[in-house]
Amino acid sequence: MTQQPDFLLDGLYGDLVMDHYRNPRNLRLLSDADVEAEEFNPFCGDRARLQLALDEHCHVIDVSAVAEGCSIIQAATSMLSALLQGKSLDEVSALGERFRGAMKNGAGADETDLGDLLALQVVRKYPVRIKCALLPLTALEEGIKAYRSNDK
Ligand code: ZN
């Protein structure tokens, strides 16, 4: 069965979005995660789930990403997960803030560390879809917040 995306985009960025949609990265569940992040949008049925396993210095050593719903939520969850390996939780939070800023205000030419997430700039033309693109980040931020408050 071929999966038909609900949202087709042209150009290099569009190809990247479709690539992550069709070949999602880190699509599995971790049995032993330190950070559990899940967010659901009841209006459109999008769901993003991310898990992080951390080493003793709070660096990400394993990532999982599972999303259901539209093509944008699936691509965005995969893209975000692909950037997390090896980062500290502080670096993950800083990256997330930059990504949110880029979706609201546009990305600068120097923001190459946002990686494939930059491709989601094409979604900025469709304001209702920005929420889809940011849902995995919202999940991750809540998950990190919960992890930090349990850790103290
Ligand atoms: Zn969506």
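Above this text you will find the structure in question.
Bear in mind that the values here come from a model prediction, so they are computed numbers and not experimental data.

The rules behind these values
- Residues numbered from 1 in each chain as written.
- Predicted model: local features only at pLDDT ≥ 70, side-chain atom pairs only at ≥ 80, totals over all residues.
- Heavy atoms only, no water.
- Salt bridge = Lys/Arg side-chain N within 4 Å of Asp/Glu carboxyl O.
- Buried < 20%, exposed > 50% of the residue type's maximum accessible area, 1.4 Å probe, protein only.
- Donors = N, O, S within 2.8 Å, 3.2 Å for Na, K, Ca; no water.
- Helix = DSSP H or I, 4+ residues; strand = E, 2+ residues; numbered from the N terminus.
- Expected span 1.5 Å × (residues − 1).
- Arc of directions from axis to C-beta.
- Contact = heavy atoms within 4.5 Å.
- Phe/Tyr/Trp six-rings, centres within 6.5 Å; stacked < 30°, edge-to-face > 60°.
- Lys NZ or Arg CZ within 6 Å of the ring centre and 35° of its normal.
- Pairing = 2+ DSSP bridges.
- Axes fitted to C-alpha atoms, helices over the stretch in contact; angles between N-to-C directions.
- Disulfide = S-S within 2.5 Å.
- Parallel < 35°, antiparallel > 145°, perpendicular 65-115°, else oblique.
- Nonpolar A, V, L, I, M, F, W, Y, C, P; charged D, E, K, R; others polar.

The next subject is the pattern of salt bridges. Applying the stated criterion to the full structure yields ten salt bridges. Arg47 is the salt-bridge partner of Glu38, the closest N and O atoms lying 3.0 Å from each other. On the basis of relative accessibility, which here comes to 41%, the residue Glu38 falls in the partly exposed class. Since its relative accessible area comes to 27%, Arg47 is described here as partly exposed.

This paragraph deals with the coordination of the zinc ion. Only Asp46 (OD), Cys70 (SG) and Cys132 (SG) from the protein coordinate the zinc ion, and they sit 1.9 to 2.3 Å from it. Linear spacing of the donor residues for the zinc ion on their chain is D-x23-C-x61-C. In this pair, Asp46 sits in strand S2 (residues 46-54) while Cys70 sits in the loop between strand S3 (60-68) and helix H2 (71-81), placing the two residues 24 residues apart along the sequence. Given a relative accessible area of 13%, Cys70 falls into the buried group.

Once that is clear, we can look at helix H1 (residues 11-22). Over its twelve residues, H1 extends 16 Å from the first C-alpha to the last, a length consistent with the 16 Å expected when each residue adds 1.5 Å. Within H1, burial applies to Gly14, Val17, Met18, His20 and Tyr21. For H1, the angular spread of buried residues about the axis comes to 160°, placing them on one side. Summarising the geometry of H1, the exposed residues directed more than 90 degrees from the buried face are Leu12 and Asp15. In this structure, the buried residues of H1 make contact with H2.

To continue, consider the packing of aromatic side chains. As enumerated under the stated definition, the model contains zero aromatic pairs in all. Lying over the aromatic face of Phe40, Arg47 brings its terminal NZ or CZ to 4.4 Å of the ring centre.

Right, let's talk about the sheet that holds S3 for a bit. Note on sheets: strands pair through backbone hydrogen bonds, and any given pair is parallel or antiparallel. Read across the open sheet, the three strands follow the order S1-S2-S3; overall the sheet is antiparallel. Edge positions in the sheet fall to strand S1 (35-41) and S3, since each has one partner strand and no second. With strand direction ignored, the average angle separating the axes of adjacent strands in the sheet is 10°. Judged from the seven bridges that link them, S1 and S2 form a sheet pairing that is antiparallel. For Glu38, the partnering residue across the bridge sits in S2 and is Arg49.

Scanning the entire structure with this criterion turns up zero disulfides. The closest cysteine sulfur to the non-disulfide-bonded Cys44 is located on Cys132, 4.8 Å from its own sulfur.

Take the packing of H1 against H2 next. Two elements in contact, H1 and H2, have axes whose closest approach is 8 Å; the angle formed by their N-to-C orientations is 85°. The orientation of H1 relative to H2 falls into the category roughly perpendicular. Here Leu16, Val17, His20 and Tyr21 of H1 come into contact with H2, specifically with Ser71, Ile72, Gln74, Ala75, Ser78 and Met79. In terms of residue class, the contact of H1 with H2 is made up of six nonpolar, four polar and no charged.

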